[in-house]
Amino acid sequence: MIVIESLSKRYGTTIAVDAVSMVIERNSITVIVGTSGSGKSTLLRMINRLIEPTSGRVLIDDHDTEGEPGHLLRRRIGYVIQGHGLFPHRTVAENIGTVPRLLGWEAGRIRARTAQLLQALQLDPAQYSEKYPYQLSGGQQQRVGVARALAAEPAVLLMDEPFGALDPIIREKAQDDLLEIQRKFNTTIVLVTHDIDEAFRLGDRVAVMSEGRLIQYDRPEVLVTRPADALVARMTGSAERAMRLLSLTTAGEAALPLTASEVGMNGITVPTSASLREVLSELLWRGSECATVVDGAGTPRGRLTVAAILARGRPA
Amino acid sequence: MSASDLMLRGPASAHGRPALRRIDRLGALLTLVGAAGLFLLPFVDFKANRILPGDPRDLAQVLPVWAALGCQASLAAVSAAALLAANAPLRLAAALAGIVVIAAALAAAANALTPPHNLIVRVAPGAGFWLLLAALGLLATDAITRMRPGPGARVLLLALFLGVALLTLAHGTFDNVSVMREYAVDAPAFALAARQHILLSLGSLAAAVVVALPLGIFCHRAPRLRPGVLSALNIIQTIPSIALFGILMAPLGALATHVPLAAAVGIRGIGAAPAVLALFLYSLLPIVANTVAGLKRVSAATVDAALGMGMTRWQTLLGVELVLALPVILTGIRIVLVQNIGLVTVAALIGGGGFGTFVFGGIGQAATDLVLLGAIPTVVLAFSAAVLLDALVELLDRVPQ
């Protein structure tokens, strides 16, 4: 758990971050979203003290981060930035081994961990370990950047616009991978982005910042249904807020109980992992009223009707 | 493209006559230059003693007919290779063979023109010899460039070249050629000058690296100071070397007179001290500027990532920034070393020693051969330094940014 207590950063007379307080839950993804100059990156970089706060404090698992030298703190916290920042003169394996080497791990352990991470990020260790960053595609470089940040098994991972340099299709894949990695390694992730869609896609909780202040910090559906101010409302998009809300619920969560007579009724099936937005789109396309929700094995788990979906597209 | 070129290339290729199309343009030019050297200019200059003006002699005048004809025939074969061969190793072999032939002809000419036991006459390489050497040297350089040898191969070639040159000199092949005569007059002085020359160039370079590298890092970190520092160093660079040596004589002389310790460590108004100081000052700008440029090319994201992962400032500087900037910094050091090897020659004017002693001595005595005794090793030294450091830069710059 990360506790941020009235954290501020001033540069001369400019206030970059203005008394921000928030609690970031363990094993969750928290997304800080805001326009450029909103102070979101500064806030993130004060968590690992790449930027020293002017006032306020940060506690990680009840320990004040002020209590240890900055570089030692940063070795315990993963850090991923836009454009990956891989070392061009070091191989993929050497890049990933950076922090373990700083921590004095023995060579065998570093090798094993590197191979494990490459595998987890769908890069064949035998093929990629000895390559240099320039020999990789943008998406592969980004994955190596994530592997490098996770190498020393940090409990916390900070990501500053990690997908900003990727094209849309690769970005979507990278976002899915991140969700999977978060579940796999139980990492607490704090991610900064200017992309509200990315925030809704990834965030268990979303923090909206503007002009150095934290405007609203809550679950994504609350941001849609009860925006704190006009800015949040505009950001979440009043024209498509219903759709955004639907995209936050999966078919599995919203499925109605199945009666025996309805199994395989019209042949339209949707996976439990699909969002209600996707199910609605599918029903519109097929011109149908209802669909059967099936799990990964194809077993029917419930049904969804247009009426049931519509009921979920407005504030409860 | 010249008219003759158009004639050769245009219609010939249209009618599919590849033999004509393949005539090498550089080969044609070098053949013309070489032919001019061989037929229009004297191969050697004969002087009754070292300061008399030379009496020009052609190859045919000094060598037996068979030798002169053989020499011309071999050079014609080299020219054929230069004109027609596309194979770079073959062109290189031809050029090197040509150099061996004219060197042997020079040695033979010197031996033929020098009466036995006569140490007074001088047989100097003539304009024709130099022109031929230049043409063949260019042909060899071009062939090597076409072969694109790696850094290791280039250093090996240099070592081979120097080894062969030193062996033939030690063997006495050229003992009757004027420059070697001048060497024989005072061989210990030559050894001393060589030592001084290398020490002055490397010493001032080392001192400059010690100061300029931190200064460059500092300029990189404090961009506001950068323009001031760089323009100050720029101004130093614009002072002509002779003037700078002169300017430094007065304060260093005063320092030596008033501070006994300074005099005790060898600081004097003339000699090595002002030479090293001037060379040191000249060395600062290239190294500082290249350090700044090298550090600048390290991407900000890389440095941010290094710090973000918990590397200390020093670890980031030594392990990431300087490593990535090293090829550019070494390029600066290469510039300085080659520049210093040349400038040390001028330092002889203020008693700094080095090969310049022979150059200025030769100018004073109107003895061209003595000038060459200073100039040739200076050029060889600078060339070798350039090849070695270029190879090192390329070796380190294998990883693209």
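**Considering the sheet that holds strand S1 (residues 44–47) of chain B**
All names here are of chain B.
Phase 1 of the analysis: Spatially, three strands are ordered S2-S1-S3 in an open sheet, and the strand pairing comes out antiparallel. Of all the strands in the sheet, just strand S2 (55–57) and strand S3 (122–125) have a single pairing partner and so form its edges. If you compare each strand with its neighbour and ignore which way they point, the axes differ by 30° on average.
Phase 2 of the analysis: Where S1 and S3 come together, four bridges link them in antiparallel fashion. Along S3, the bridge assignment pairs Lys47 with Arg122.

**Topic: the interface of chain B and chain A**
Phase 1 of the analysis: Residue-level contacts link 16 residues of chain B with 18 residues of chain A.
Phase 2 of the analysis: Broken down by secondary-structure element, the contributors of at least two residues to the side of chain B that touches chain A are helix H15 (300–308) and helix H16 (313–347) of chain B.
Phase 3 of the analysis: At six residues, the largest contribution of residues to the side of chain B that touches chain A is made by H15 of chain B.
Phase 4 of the analysis: Each residue belonging to the side of chain B that touches chain A can be placed in one class, and the counts come to ten nonpolar, five polar and one charged.

**What to know about H15 of chain B**
Phase 1 of the analysis: Residues of H15 of chain B that are buried include every one of Thr302, Ala305, Ala306, Leu307 and Gly308 of chain B, and no others.
Phase 2 of the analysis: Downstream of H15 of chain B by one or two residues, Gly310 of chain B has phi in the positive range, about 100°.

**Here we look at the domain arrangement of chain A**
Phase 1 of the analysis: Under the domain assignment used here, chain A contains domain 1 (2–240) and domain 2 (246–312).
Phase 2 of the analysis: Between the C-alpha centres of domain 1 of chain A and domain 2 of chain A there is a distance of 34 Å.

**Concerning unusual backbone geometry**
Working note: non-glycine residues mostly have negative phi, and peptide bonds are mostly trans.
Residue and element names in this part refer to chain A.
Phase 1 of the analysis: Although it is not a glycine, Arg49 adopts a positive phi angle of roughly 60°.
Phase 2 of the analysis: Here Arg49 shows up in the loop between helix H1 (40–47) and strand S4 (55–60).
Phase 3 of the analysis: A positive phi angle, close to 60°, is found at Gln122, a residue other than glycine.
Phase 4 of the analysis: Relative to the helices and strands, Gln122 resides in the loop between helix H5 (107–120) and helix H6 (125–128).

**Observations regarding the environment of Phe174 of chain B**
Phase 1 of the analysis: Along the chain, the position of Phe174 of chain B falls in the loop between helix H8 (151–171) and helix H9 (178–185).
Phase 2 of the analysis: The spatial distance from the C-alpha of Phe174 of chain B to the C-alpha of Ala104 of chain B is 8.7 Å, given a sequence separation of 70 residues.

**Focus on the sheet that holds strand S5 (residues 63–64) of chain A**
Residue and element names in this part refer to chain A.
Phase 1 of the analysis: Strand order in this open sheet of four strands is S2-S1-S4-S5, and the pairing throughout is antiparallel. Across the chains shown, the open sheet's two edge strands, defined by having one partner strand only, are strand S2 (14–24) and S5.
Phase 2 of the analysis: Bridge count between strand S1 (residues 2–11) and S4: five bridges; the pairing is antiparallel. Across the sheet, the residue bridging to Glu5 is Arg57, located in S4.

**Structural notes on helix H5 (residues 65–84) of chain B**
All names here are of chain B.
Phase 1 of the analysis: Given a rise of 1.5 Å per residue, 20 residues ought to cover 28 Å, and the 28 Å separating the end C-alpha atoms of H5 matches this to within 8%.
Phase 2 of the analysis: Cys71, Leu75, Val78, Ser79, Ala81 and Ala82 are the residues of H5 that are buried. Angularly, the buried residues of H5 cover 155° about the axis, an arc narrow enough to put them on a single face. The outward face of H5, more than 90 degrees from its buried face, is lined by the exposed residues Val65, Trp66 and Ala73.
Phase 3 of the analysis: Each element contacted by the buried residues of H5 is listed here: helix H3 (25–39), helix H4 (59–62), helix H6 (88–113) and helix H7 (127–147).

Cut-off values and rules
- Residues numbered from 1 in each chain as written.
- Chains lettered and ligands numbered in written order.
- Predicted model: local features only at pLDDT ≥ 70, side-chain atom pairs only at ≥ 80, totals over all residues.
- Pairing = 2+ DSSP bridges.
- Helix = DSSP H or I, 4+ residues; strand = E, 2+ residues; numbered from the N terminus.
- Axes fitted to C-alpha atoms, helices over the stretch in contact; angles between N-to-C directions.
- Contact = placed C-beta atoms within 7 Å.
- Nonpolar A, V, L, I, M, F, W, Y, C, P; charged D, E, K, R; others polar.
- Buried ≥ 20, exposed ≤ 12 C-beta atoms within 10 Å, placed from the backbone.
- Domains from an automatic or database assignment.
- Expected span 1.5 Å × (residues − 1).
- Arc of directions from axis to C-beta.

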